[in-house]
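Given next are the chains, with one letter for each unit.
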Amino acid sequence: MQELLQTLQDEDIGRLAIIAELWGIDLSPGPALQVSKRLVKMMLDPALASEIVEGLPQTVHEALAFINRNNGRVALADLARRFGEIRKMGPGRRDREKPWRNPISPVESLWYYGLIARRFSDTPSGPQEFAFIPSDLRRLFPMQPNEQEAPFGRPSQPPASILAGTSAAVDDTTTILAALRRQPAVSLPLPKQRQQELTPFLIQPESLPLLINLLDQKGILSPPPIAPFSESVRPLLEANRGDVLAWLLSAWKNSVAWNDLAHTPDINCANESWPNDPLAGRHAILNFLGNIPPGAWWDLDSFISATEDHQPAFQRTAGDFDSWYLRSASTLKFLRGFQYWSAIEGALIRYTICGPLHWLGATDLATREECKMAAAFRLTPASSVLLKDKAPSSADETGLPVIRADGKIIIPRSGHRAWRYQISRFTEWQKLDHHAYCFQVTPASLSLALEQGLSVTQILALLRSAEGVKLPSSLAKTIQRWEEKGTEARIEHLIVLRLKSPEMLHRLRNNRSTRRYLREVLSETNVVIRKNDVEHLYAAAARIGLLIDLSHSK
């Protein structure tokens, strides 16, 4: 930051005279540069500087201390919201109205005392005007800045109910890759129907859009049709769980393609493109979190509130809260102005902590008894990837699968992910429980595998490759028999039309409007019909004088 002379050497004589009056300094007339040098020399006298600071009104002293605690520099828009603004006026109006004798705010008082200066600086969100204490003057103040900025908010009591952050994202990543290998996607993001089909097999379904986005931007997925690149996915599946989790966390931390604000609940953008810089906002939140003691439970509401007090414009260019055209998804009301800080910035902070950070195992959450909303959080060891660039430790994947003679395969979450990825290609997926993945070898799944280029020989080799598990010989023979003879039996859900007499069936089969809905004849009075044809057959039969009872078909 600039020193005192640099902030005053270009000021007009009138401004210098105001500072001298407030400091009780007698100035001799002369050129502005010479006057500013003499003024600076006297202002940097330690005894005088200490006397001036100690004599400030309480509110002015608080404003100066606030700037000092923030490393001597604060965005002017943030400072004005907290301690008041500096009126804009030229030298003529200033000299007539003499605002330094009756300042409207603590910030204006500091300005006329010469204790703060103003300048624009580049920030991640764009150029922004700051108020700062000249560096040499700041060194004379009797108060010393904190060596480390105090964390925002306050600690929380240990909760009764905890949602632990885990490495579930590693498991879900494997599931997503397997699903796209099995059935490539046409485009991204995935259509809602495809997402719904995948949901029962994910531990954290809500993280699906984020994980696919990270896989795509890191080059793991191919262009449409979208499927994993074999050469890229293999190292990811064979890596240690902790390394994969660190990889996901780092990918999210540095992602410019994933916009957390665009996924924050109840916020829509009225324009085609979102106005924020997702990287700048994310890094700012992570910086705020970096001051919280690891492992300590922290009150979420107080953290958000303290951010509003201390760094409200962390994602706004020049502290501008009026130029973004965002609106509430529920009310369609535009959210313009600082009064909607909680609806945008506050909601973004909550989403970041309870969404991506939790999904990626970096935060544990504590919920309120009366609702599922998080009341507190704590940083897990995995957060060190984001805050200290340290990879988290994790247990080895030593869980052994179970291969049953009936073709059912059970793989614990602690099992080898690479093997599960391969098994997923030729089995039907069954609903996930929280401890294991279940698969079933079926004729349909084997047929799909053959279409993907897998042979029965390769399938049997994959089944035999499981460490510590023997493939039941009866299952191997069953698969080989299927290869030779195909599907020899099937179970179907059928709708059977039961008729009172063989004559009635004969009548339906001989009528052009009804016979097209009849399928396999089971007996003289029973015939199979398709579920989708029930209503059509009812209408056609009614037209030839036969009413069918539908009460048992639903």
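Since this is a predicted model, take the numbers as computed values, not measurements.

## Brief notes about the pattern of salt bridges
Right, so step 1: Evaluated as defined, the whole model comprises 17 salt bridges.
Right, so step 2: Residue Arg 15 is joined to Glu 11 by a salt bridge in which the shortest nitrogen-to-oxygen separation is 3.2 Å.
Right, so step 3: A residue is classified by how much of its surface remains accessible, and Arg 15, at 3% relative accessible area, is buried.
Right, so step 4: By relative accessible area, which is 21% here, Glu 11 ends up partly exposed.
Right, so step 5: Beyond isolated ion pairs, a larger network of salt bridges with shared partners links Asp 12, Arg 94 and Asp 95.

## Digging into the packing of helix H2 (residues 13–23) against helix H8 (residues 106–113)
Right, so step 1: Between H2 and H8, whose axes approach to 8 Å, the crossing angle comes to 100°. Relative to H8, the element H2 lies roughly perpendicular. Contacts between H2 and H8 pair Arg 15, Ile 18, Ile 19, Leu 22 and Trp 23 from the former with Trp 111, Tyr 112 and Tyr 113 from the latter.
Right, so step 2: Among the residues making up the contact of H2 with H8, the classes are represented as seven nonpolar, no polar and one charged.

## A closer look at the packing of aromatic side chains
Right, so step 1: In total, this model carries eleven aromatic pairs according to the counting rule given.
Right, so step 2: Note on Phe 66 and Phe 83: the rings are 5.5 Å apart at their centroids and 55° apart in plane angle, and the pair reads as tilted. Here Phe 66 is found in helix H5 (residues 58–69), whereas its partner Phe 83 is found in helix H6 (residues 76–83), with 17 residues between them in sequence.
Right, so step 3: Residue class for Phe 83 comes out buried when judged on its relative accessible area of 13%.
Right, so step 4: An angle of 90° between the planes, with centres 5.3 Å apart, marks the rings of Phe 201 and Trp 429 as edge-to-face. You can see Phe 201 sitting in the loop between helix H11 (192–198) and helix H12 (208–217) and its partner Trp 429 sitting in strand E12 (residues 428–430), a full 228 residues away along the chain.
Right, so step 5: The buried category is assigned to Trp 429, whose relative accessible area is 17%.
Right, so step 6: Taken together, the ring pairs in this structure connect Phe 152, Phe 288, Phe 303, Phe 314 and Phe 377 into an aromatic cluster.
Right, so step 7: Above the plane of the ring of Phe 130 lies Arg 73, whose end atom (NZ or CZ) is 3.7 Å from the centre.
Right, so step 8: The side chain of Arg 316 reaches across the aromatic face of Trp 324, ending 3.9 Å from its centre.

## Structural notes on the environment of Gln 128
Right, so step 1: Mapped onto the elements of the fold, Gln 128 is located in strand E3 (residues 126–132).
Right, so step 2: Sequence spacing of Gln 128 and Phe 229 is 101 residues, and the spatial spacing of their C-alpha atoms is 43 Å.
Right, so step 3: Contacts of Gln 128, omitting those with residues within four sequence positions, involve Ala 75, Arg 119, Phe 120, Ser 121, Thr 123, Ala 313, Arg 316, Ala 318 and Gly 319.

## A few points about unusual backbone geometry
Right, so step 1: The linkage connecting Leu 188 with the following residue, Pro 189, adopts the cis geometry, with an omega of 0°.
Right, so step 2: Relative to the assigned elements, Pro 189 resides in the loop between helix H10 (168–182) and H11.
Right, so step 3: A cis amide bond links Pro 224 to the next residue, Pro 225, at an omega of -5°.
Right, so step 4: Position of Pro 225 relative to the elements: it lies in the loop between H12 and helix H13 (230–238).
Right, so step 5: Even without being glycine, Asp 266 reaches a positive phi, approximately 65°.
Right, so step 6: For Asp 266, the location among the structural elements is in the loop between helix H14 (241–253) and strand E5 (267–269).

## Some points on a nonpolar patch on the surface
Right, so step 1: Where nonpolar side chains cluster on the molecular surface, the patch consists of Leu 494, Val 496 and Leu 522 and spans about 240 Å² of accessible area.
Right, so step 2: As for its position among the elements, Val 496 is in strand E14 (residues 495–498).
Right, so step 3: A residue is classified by how much of its surface remains accessible, and Val 496, at 31% relative accessible area, is partly exposed.

## Concerning the side chain of Ser 121
Right, so step 1: Looking at the secondary structure, you find Ser 121 in strand E2 (residues 117–123).
Right, so step 2: Not counting residues within four places of it along the chain, the set of residues in contact with Ser 121 comprises Arg 73, Gly 126, Pro 127, Gln 128 and Phe 130.

## Here we look at the confidence of the model for the protein
Right, so step 1: Counting all residues, the mean pLDDT for the protein is 91, and 96% of those residues have values of 70 or more.
Right, so step 2: A low-confidence stretch, residues 144–148 stays under pLDDT 50, and its non-local contacts, those more than four residues away or across chains, total five contacts.

## As for the sheet that holds strand E10 (residues 402–403)
Right, so step 1: Within the open sheet, the four strands sit side by side as E10-E11-E13-E12. Their pairing is antiparallel. Since the sheet does not close on itself, it has two edges, and those belong to E10 and E12, each with one partner.
Right, so step 2: Relative to strand E13 (residues 436–440), E12 runs antiparallel, the two sharing three bridges. From the neighbouring strand, Glu 428 faces E13, where its bridge partner is Gln 440.

## A short note on the pairing of E3
Right, so step 1: Where burial is concerned, most of E3 is hidden: five out of the seven residues are buried.
Right, so step 2: In this sheet, E3 lies alongside strand E1 (residues 73–75) in antiparallel orientation, the contact comprising three bridges. Following the sheet pairing, Arg 73 is matched in E3 by Phe 132.
Right, so step 3: Pairing of E2 with E3 involves seven bridges; the strand directions are antiparallel. Bridging from a neighbouring strand, Ser 121 pairs with Gln 128 of E3.

## Notes on the sheet that holds E3
Right, so step 1: Ordered by their spatial adjacency, three strands build an open sheet running E1-E3-E2, and the pairing between neighbours is antiparallel. Looking at which strands have only one partner, the edges of the open sheet turn out to be E1 and E2. Pairwise comparison of adjacent strand axes, ignoring direction, gives a mean angle of 40° for this sheet.
Right, so step 2: In the packing of H6 onto the sheet, the strands contacted are E1, E2 and E3, and the crossing angle to E1 comes to about 85°.

## Considering the packing of H5 against H8
Right, so step 1: H8 packs onto H5 with a crossing angle of 80° between their chain directions and a minimal axis gap of 8 Å. Relative to H8, the element H5 is oriented roughly perpendicular. Across the interface between the two elements, Thr 59, Val 60, Ala 63, Leu 64 and Ile 67 from H5 touch Pro 106, Ser 109 and Leu 110 from H8.
Right, so step 2: Among the residues making up the contact of H5 with H8, the classes are represented as six nonpolar, two polar and no charged.

Basis of the calculations
Residues numbered from 1 in each chain as written. Predicted model: local features only at pLDDT ≥ 70, side-chain atom pairs only at ≥ 80, totals over all residues. Heavy atoms only, no water. Salt bridge = Lys/Arg side-chain N within 4 Å of Asp/Glu carboxyl O. Buried < 20%, exposed > 50% of the residue type's maximum accessible area, 1.4 Å probe, protein only. Axes fitted to C-alpha atoms, helices over the stretch in contact; angles between N-to-C directions. Helix = DSSP H or I, 4+ residues; strand = E, 2+ residues; numbered from the N terminus. Parallel < 35°, antiparallel > 145°, perpendicular 65-115°, else oblique. Contact = heavy atoms within 4.5 Å. Nonpolar A, V, L, I, M, F, W, Y, C, P; charged D, E, K, R; others polar. Phe/Tyr/Trp six-rings, centres within 6.5 Å; stacked < 30°, edge-to-face > 60°. Lys NZ or Arg CZ within 6 Å of the ring centre and 35° of its normal. Patch = residues over 30% accessible without salt bridge, like charges linked within 9 Å, V, L, I, M, F, W, Y side chains within 5 Å. Areas by Shrake-Rupley, 256 points an atom, 1.4 Å probe, with all protein chains shown as cover. pLDDT = per-residue confidence, 0-100. Pairing = 2+ DSSP bridges.

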